[in-house]
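Single-letter residue listing:
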Amino acid sequence: MNNVFDIKRFGKYFMYDLNNARGNYAVSALVIGLLPLILLVFTVIFSLLFDGEVRPIMFPMKVMIVVCAFFICMLSGPVKLYGSLTERKSGSDWLMLPASSFEKFLSMAIMLCIVLPLAVFGLFAVCDLLLSWLVPVYGESVVGQICNGIGSIESFLGDSFEDSSSLLGVTPASFHLMGWLSWCSSILPFGLGAICFKKGKAAKTILCIIGVQILFSIILLILFRGGYQNGSDFAHWFVGLFGKMTPEKFQTFSNVFINLSYFIIIGGLLTGLFFRIKTIKH
């Protein structure tokens, strides 16, 4: 068991991984976290330049900054943190570290799925909230508005479905879990690409994702079209499947589909990440 996982050895390696991540990604995380301030500065400059007065920042622009922060972190984080493992010198030094493949895999999964979003988006939220309190022209916090929107949805679900069973099978508590699982399913492909490709890591990962989606779409098309001569036959099958479905059955179906999708995607990516770490050689 000690050859696979030792808590003290893992703790030491995780602290090494954390310090290494701070050195490699601290500046990038700071820039992403300060995007609300950068947006405010450029808005003030261009407002004074073209209008002669400072205008409040519109909510869609703040949402756009949140989306940009998400994609920048997703594309740059894994490459900055673990992209050097494909280089001969850095990769060889990493292989010599006194930790098992499972411990290195577990540390990488925790860094990508938990530490990275907490650090980057925590800093983003703090900057956004401080600007909303200190700078009137910035307006209301976009993080606060998003949380209020989620709270309104949760309140609606709680009031409308007291037995915690909505038509879509979504309970208030599941919103946060689904958000985190969505982050994991988004960041892990780029983590796997960072330690598989030597150059063009993010671009090649995106191409692989597109290729897998195309292949999956073709397989689904073949499966669903099998046995049906035309679209009318398929429509009759679809109506027969969902036409008599009750809300309870649809809830069960949607829960099983969502959970199974996340399990297959995240489980497959974590499995690929582990075996790639286990087989890295220089």
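Residues numbered from 1 in each chain as written. Predicted model: local features only at pLDDT ≥ 70, side-chain atom pairs only at ≥ 80, totals over all residues. Heavy atoms only, no water.

Novice: Any chance you could explain the packing of aromatic side chains here in plain terms?
Specialist: Where two aromatic rings form a pair, the distance of their centres and the angle of their planes describe that pair. Summed over all chains, the structure comprises twelve aromatic pairs. Taken together, a centroid distance of 5.6 Å and an interplanar angle of 80° make the contact between F105 and F274 edge-to-face. Within this pair, whereas F105 is found in helix 5 (residues 101-134), its partner F274 is found in helix 10 (residues 247-279), the two being separated by 169 residues in sequence. Each member of the aromatic cluster is reached from another via a ring pair, and the members are F5, F10, F14, F102, F105, F274 and F275. (Phe/Tyr/Trp six-rings, centres within 6.5 Å; stacked < 30°, edge-to-face > 60°. Helix = DSSP H or I, 4+ residues; strand = E, 2+ residues; numbered from the N terminus.)

Novice: Mind showing me how you'd approach the environment of V115 here?
Specialist: Examined against the element boundaries, V115 turns out to sit in helix 5. Note on V115: relative accessible area 23%, which makes it partly exposed. V115 sits 94 residues away from A21 along the chain, and the two C-alpha atoms are 9.8 Å apart. Here V115 is in contact with F14, L18 and I110, once residues within four sequence places are set aside. (Buried < 20%, exposed > 50% of the residue type's maximum accessible area, 1.4 Å probe, protein only. Contact = heavy atoms within 4.5 Å.)

Novice: Would you mind going over the nonpolar core with me for this structure?
Specialist: Ranked by internal contacts, the top residues of the largest apolar core, which has 46 residues, are Y25, Y82, M108, I187 and L188. Elements supplying a minimum of two residues to this core: helix 1 (7-33), helix 2 (35-50), helix 3 (59-82), helix 5, helix 7 (174-194) and helix 10. In terms of residue count, the dominant contributor to this core is helix 5 (ten residues). With residues up to four places along the chain from it excluded, the contact list for Y25 reads I32, I72, C73, S76, G77, K80, L81, L116 and V120. (Core = buried A, V, L, I, M, F, W, Y, C linked by side-chain atoms within 4.5 Å.)

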